[in-house]
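Remarks on the overall topology
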Amino acid sequence: MLKTRTAPETADDRYVPSARRIERERFRRARARRATAVAALSTLVTGVALFLVITRSPGWPRTRETFFSLEYARMALPKVLDGLLLNLRLLVVCGAAVLVLGLLLAVARTLRGPVFFPLRALAAAYTDFFRGLPLIICLLMVVFGVPALRLQGVTTDPVLLGGTALVLTYSAYVAEVFRAGIESVHPSQRAAARSLGLSGGQALRFVVLPQAVRRVVPPLLNDLVSLQKDTGLVSIAGAVDAVYAAQIIAGKDFNFTPYVVAGLVFVALTIPMTRCTDWITARMDRRRAQGGLV
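Just so you know, these numbers come straight off a predicted model, no measurement behind them.

The rules behind the values
Residues numbered from 1 in each chain as written. Predicted model: local features only at pLDDT ≥ 70, side-chain atom pairs only at ≥ 80, totals over all residues. Heavy atoms only, no water. Phe/Tyr/Trp six-rings, centres within 6.5 Å; stacked < 30°, edge-to-face > 60°. Buried < 20%, exposed > 50% of the residue type's maximum accessible area, 1.4 Å probe, protein only. Helix = DSSP H or I, 4+ residues; strand = E, 2+ residues; numbered from the N terminus. Polar contact = N/O pair within 3.5 Å; in protein donor to acceptor, adjacent residues only side chain to side chain. Contact = heavy atoms within 4.5 Å. Patch = residues over 30% accessible without salt bridge, like charges linked within 9 Å, V, L, I, M, F, W, Y side chains within 5 Å. Areas by Shrake-Rupley, 256 points an atom, 1.4 Å probe, with all protein chains shown as cover. Salt bridge = Lys/Arg side-chain N within 4 Å of Asp/Glu carboxyl O.

1. A closer look at the packing of aromatic side chains
Inspection of every chain in the model, using the stated rule, returns six aromatic pairs. Consider the rings of Trp-60 and Phe-68, whose centres lie 6.0 Å apart with planes at 40 degrees: the pair is tilted. On the basis of relative accessible area, Trp-60 is assigned to the buried category, the value being 17%. Using a relative accessible area of 45% as the deciding quantity, one classes Phe-68 as partly exposed. Feature note: the residues Phe-67, Phe-256 and Tyr-259 constitute an aromatic cluster, connected by ring pairs.

Here it is as structure tokens:
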């Protein structure tokens, strides 16, 4: 096989951008710098205006003493962080249980055939009921209603009961997310899997579910962010989490700075999870635009 030699690249053969292209790139950089400067200036002006409006209001001295006391913040922070460990444990355990139960409910709602109608009806009734029931009412019913039954072998631990209420409510929302992902997979995928000899269950497991789960990762992460915040509601059952720890300190001197501290701690946890969700969403959109994600 003959090989052809190419002439060595000379300085004249190298790409040299035209003057118009150089001018266009220079204009784009200048416009980007101008937009950044305008955004920074407008943000600064807005922040200064809000600061002046708040600090010059008649009730600001009393509000600062009641809600933004550094002394109470330093006193509340260690106890709030101790209570936060309970919230994190609830997030991990309840999050895993919600994903499993939500996936099972979604699969039950997508089963085909008349023999599975009772299972589909029960799954639909479950999701409709707990999506319509406010979480606070579900917590009150489980935390105070279950111990009132005096069932043998059933726990009365407020942490376990509160976590159960969280799982019951959030699994209904997650089930709908999973179901939307399953139904978004084109039927030809299932038909192709069946034509290759896979059973219905194998087609669901190896073909449909992997695609469905990849598609619903961003909304699932959003639900986990909401779950992370709502773990603070177990304080109504008497569990000493970050919110209840702040309530104990605030109830002694009627200073509400501990609530602000607990709120900022939850915000500090939520922001990284939100940014992670946005990054994963953008990454999946880029891969889908490039044809790398089915």
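Read on, since the account is not over.
2. Quick look at the side chain of Glu-176
By secondary structure assignment, the location of Glu-176 is in helix H6 (residues 158-184). By relative accessible area, Glu-176 is classed as buried at 16%. In terms of polar contacts, Glu-176 uses its side chain to reach the side chain of Arg-109, at 2.7 Å. Here the side chain of Glu-176 touches Arg-179 through a polar contact of 2.9 Å, side chain to side chain. Excluding anything up to four places from it in sequence, Glu-176 contacts Arg-109, Thr-127 and Arg-131.

3. Description of a nonpolar patch on the surface
Together, Leu-41, Leu-44, Val-45, Val-48, Phe-51 and Leu-52 line one region of the surface with nonpolar side chains, adding up to about 570 Å² of accessible area. Locating Val-48 in the fold gives a position in helix H1 (residues 19-55).

4. Quick look at the pattern of salt bridges
The full count for this structure, using the stated rule, is eight salt bridges. Put simply, Arg-26 and Glu-23 hold a salt bridge, and the shortest N to O gap is 2.7 Å. With Arg-26 and Glu-23 both in helix H1 and three residues apart, this pair spans about one turn of that helix. Taking relative accessible area as the criterion, Arg-26 reaches 41% and is therefore assigned partly exposed. Of the charged contacts in the structure, one is a salt bridge between Asp-278 and Arg-275, with a shortest N-O distance of 2.6 Å. Placement of both Asp-278 and Arg-275 in helix H11 (residues 257-289) is noted, with a separation of three residues, approximately one turn of the helix.

These figures capture arrangement, not role.
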